[in-house]
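One letter stands for each residue in the lines below.
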Amino acid sequence: MPAKEILSRFAPVSMARQASDPQGFANELGRSFREFGFAAISDHALDPARIDRAYTKAAQFFALPEAVKQQYFIPGGGGARGYTPFGKEIAKDAKHVDLKEFWHVGRDLPAGHKYEADMAPNLIPAEIEGWKESVHGLYQDFDALGRRVLSAIALDLGLAADFFDDTVKDGNSVMRLLHYPPVAGDPGGSIRAEAHGDINTITLLLGAEEPGLQVKTRSGEWIDMNPPAGCLVVNMGDMLARSTNDLLPSTQHRVINPVGARTGHSRYSMPFFLHYRPDYMIETLPGCATAEHPDKYPQAMRANDFLNQRLREIGLL
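In short, a report on the structure. The residue count restarts for each chain, going from 1 along the sequence in the order it is written. Residues qualify for local features only when their pLDDT is at least 70, as the model is predicted, and side-chain atom pairs are given and counted only at 80 or more; totals for whole chains, interfaces and linings, by contrast, use all residues. For side-chain calculations, the full set of non-hydrogen atoms in the structure is used, while hydrogens and water are omitted.

Re the side chain of Ser42
Phase 1: Looking at where Ser42 falls in the secondary structure, it is placed in strand β2 (residues 38-42).
Phase 2: As used in this structure description, the phrase polar contact means that two N or O atoms lie within 3.5 Å; if the pair is within protein, one of them must be able to donate a hydrogen and the other to accept it, and residues adjacent in sequence are counted only when both atoms belong to side chains. Here Asp43 takes part through its side chain, which lies 3.4 Å from a polar atom of the side chain of Ser42.
Phase 3: Residues count as neighbours in contact if any of their non-hydrogen atoms are within 4.5 Å of one another. With near-sequence residues (within four places) excluded, Ser42 lies in contact with Pro12, Val13, Ser14, Met15 and Cys231. Helical segments are the DSSP runs of H or I of at least four residues, strand segments are the runs of E of at least two, and each set is numbered from the N terminus.

Some remarks on the nonpolar core
Phase 1: Judged by nonpolar contacts, the single largest core of 77 residues is most densely connected at Ile153 and Ile202.
Phase 2: A per-element tally of this core places helix α6 (residues 131-156) first, with eleven residues.
Phase 3: Contacts of Ile153, omitting those with residues within four sequence positions, involve Phe33, Phe164, Ile202, Met236, Leu240 and Leu248. We define the nonpolar core as a collection of buried residues of types Ala, Val, Leu, Ile, Met, Phe, Trp, Tyr and Cys that are connected through side-chain atoms lying within 4.5 Å of one another. Only protein chains enter the accessibility calculation, which uses a 1.4 Å probe; a residue whose area is less than 20% of its type maximum is buried, one above 50% is exposed, and one in between is partly exposed.

Some thoughts on the environment of Ala241
Phase 1: Mapping Ala241 onto the fold places it in helix α8 (residues 238-243).
Phase 2: C-alpha of Ala241 to C-alpha of Asn200: the two residues are 41 residues apart in sequence and 9.2 Å apart in space.

Some words on the pattern of salt bridges
Phase 1: By salt bridge we mean one thing: a side-chain nitrogen of Lys or Arg within 4 Å of a carboxyl oxygen of Asp or Glu. Applying the stated criterion to the full structure yields 15 salt bridges.
Phase 2: With its nearest N and O atoms 2.9 Å apart, the salt bridge here joins Asp143 to Arg107. In this pair, Asp143 is assigned in helix α6 and Arg107 in the loop between β4 (101-105) and α6, connecting sequence segments 36 residues apart.
Phase 3: Under the relative-accessibility criterion, Arg107 is labelled buried at 11%.
Phase 4: Across the salt bridge formed by Asp279 and Arg277, the nearest N and O atoms sit 2.9 Å from each other.
Phase 5: Sharing partners across several salt bridges, the network here consists of Arg17, Asp21 and Glu28.

What follows is the structure, given as structure tokens:
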């Protein structure tokens, strides 16, 4: 299939349709998810001003001296909160570390919450004024939007629209402020993030219009995923792929250093990794295993155990 024809499959789906035609919206998203594990969404209603403020705060933080940023690195924390330095994370089974640094924001839990042992408290960089209002506010917006996307996925799977609500209530979701520094002297084509699948249920990504994100098709071809500006890219993670018996695939994707004028520039993006609650037992969902498609995952697995296993595989634990 020609690349141009493949890319047409990523035509953005308007989220405005969800209110008037929830099943139609779900089916349209589902077609893209089932084929590619990815979809693009327009009209998602995230506040552009809040997004811009969060990008600004991220750029300000990553511009700080290395010694200052290192104060927000938590050894042994699995990168769950605060700063993870350049060259720390490696994709599963990859030979080289990713060319990136990032900051993780998680859920703010009240004291004594039952998931307190599974979710570390957030860090706030004292050097960046207005961090919590801008960055944590966007986290909350992402969290609400993710539940709306899961509602559509539930409908497409033939489940009740609110099926996933309890599975992700107080989930261990994280927002990543991500910086790929320029790769000096590179003519283009070096790998900033090696091929990988995400760990979580679904990922919501801002910043995909910046060249570099590529998706691997079923035929093994790498194609660019560059939606129109302002669109949200959503992809399946390994947890939801497991829940659906791989009916919704967790697709391999990577970030390359683009050829041309952008080669010497930083790349910023903000993925939101929506997770199940830590004690949710991941097991094959109703209707996702059939005689023609037998259950590949008969053993249920606690979500936080799955997460920690994968964090060890990518070098963060």
